[in-house]
Amino acid sequence: MKIVHYATPIELARCYPLMCELRSKLADEAAFIAQAQRQQSQGYRLAGIEQDGRPVALAGYRLLENFIHGRFCYVDDLVTSATTRSQGLGAVLLNGLAEQAREQGCGRIVLDTALNNHRAQKFYQRVGYSALGLHFYRDLAEGENL
């Protein structure tokens with residue numbers, strides 16, 4: 001299966017319905033495209049697999065470097081359409097990203113999933129990923145005492 005990349009507003013618009021399956025808080029197509037373009041300026045790339053001319057699996061990712069992982073590929077988003085789930089497309093897409101990341105000098109792929117998303121955790125383990133840590137965050141809402 002061929003992995004394609006989506007970068008232009010027209011290409012990104014084709015990805016919006018599928019990305020909504022993963023990110024239900026997306027307001028509308030125009031807001032999605034605008035945010036994807038802002039993220040592109042920060043190194044975000046959107047790759048996918050198509051069937052019948054439409055995206056059925058997507059992965060948003062970045063090539064980064066830090067002191068924990070060295071040079072690595074971080075997967076922001078991974079989604080397979082509800083109609084094509086369990087056909088191995090997610091694994092194919094992650095394997096394709098791994099190949100591209102290796103070619104770019106990366107030694108690891110890193111991703112996060114929710115603690116209660118057991119289905120995703122089982123999938124990641126099945127395709128060769130290991131749990132490394134626990135991801136913490138803090139909301140910085142206006143007026144919150146830091």
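Our subject is the structure that appears above.
Because the structure is a prediction, the values reported are computed rather than measured. (Residues numbered from 1 in each chain as written. Predicted model: local features only at pLDDT ≥ 70, side-chain atom pairs only at ≥ 80, totals over all residues. Heavy atoms only, no water.)

Asker: Before we move on, can you summarise the pairing of strand 3 (residues 54–66) with the specific residues and values?
Answerer: Across seven bridges, strand 2 (residues 45–51) lies against strand 3 in antiparallel orientation. By the bridge assignment, Arg-45 is partnered in strand 3 with Tyr-61. Note: strand 3 against strand 4 (residues 70–80), ten bridges, orientation antiparallel. If you follow Ala-57 over to strand 4, its bridge partner there is Thr-80. The turn joining strand 3 and strand 4, which pair antiparallel and follow one another in sequence, is formed by three residues. (Pairing = 2+ DSSP bridges. Helix = DSSP H or I, 4+ residues; strand = E, 2+ residues; numbered from the N terminus.)

Asker: So, the sheet that holds strand 5 (residues 108–111): which residues are in play, and what are the values?
Answerer: With respect to topology, five strands assemble into an open sheet ordered 1-2-3-4-5, the strand pairing being mixed. Each of the sheet's edge strands pairs with one partner strand only, and the pair in question is strand 1 (3–6) and strand 5. Across the sheet, the axes of successive neighbouring strands diverge by a mean angle of 35°, strand direction being ignored. Here strand 1 pairs with strand 2 via four bridges, running antiparallel. Considered in strand 2, the bridge of Tyr-6 is made with Leu-46. (Axes fitted to C-alpha atoms, helices over the stretch in contact; angles between N-to-C directions.)

Asker: Let's hear about the environment of Phe-32: which residues, and what values?
Answerer: In this structure, Phe-32 sits in helix 2 (residues 29–40). Under the relative-accessibility criterion, Phe-32 is labelled buried at 6%. On a C-alpha basis, the gap between Phe-32 and Cys-15 in space is 9.4 Å, while along the polypeptide they are 17 residues apart. Beyond its immediate chain neighbours, meaning those up to four positions away, Phe-32 contacts Leu-12, Cys-15, Tyr-16, Met-19, Leu-26 and Leu-46. (Buried < 20%, exposed > 50% of the residue type's maximum accessible area, 1.4 Å probe, protein only. Contact = heavy atoms within 4.5 Å.)

Asker: Break down the packing of helix 1 (residues 9–22) against helix 2 for me, with residues and values.
Answerer: The geometry of helix 1 relative to helix 2 is characterised by a closest axis approach of 9 Å and an angle of 115° between their N-to-C directions. Of the possible angle classes, the one that applies to helix 1 and helix 2 is roughly perpendicular. For the crossing formed where helix 1 meets helix 2, the hand is right-handed. Across the interface between the two elements, Pro-9, Leu-12, Ala-13, Cys-15, Tyr-16 and Met-19 of helix 1 pack against Glu-29, Phe-32, Ile-33, Ala-36, Gln-37 and Gln-40 of helix 2. Taken together, the residues of the contact of helix 1 with helix 2 sort by class into nine nonpolar, two polar and one charged. (Parallel < 35°, antiparallel > 145°, perpendicular 65-115°, else oblique. Left-handed = near helix turned anticlockwise from the far one by under 90°. Nonpolar A, V, L, I, M, F, W, Y, C, P; charged D, E, K, R; others polar.)

Asker: Mind laying out the packing of aromatic side chains, listing which residues take part and the relevant values?
Answerer: Within the structure shown, the criterion is met by three aromatic pairs. Of the aromatic side chains, those joined through ring pairs into one cluster are Phe-123, Tyr-124 and Tyr-129. (Phe/Tyr/Trp six-rings, centres within 6.5 Å; stacked < 30°, edge-to-face > 60°.)

All quantities given are derived from atomic positions and should not be read as evidence of function.
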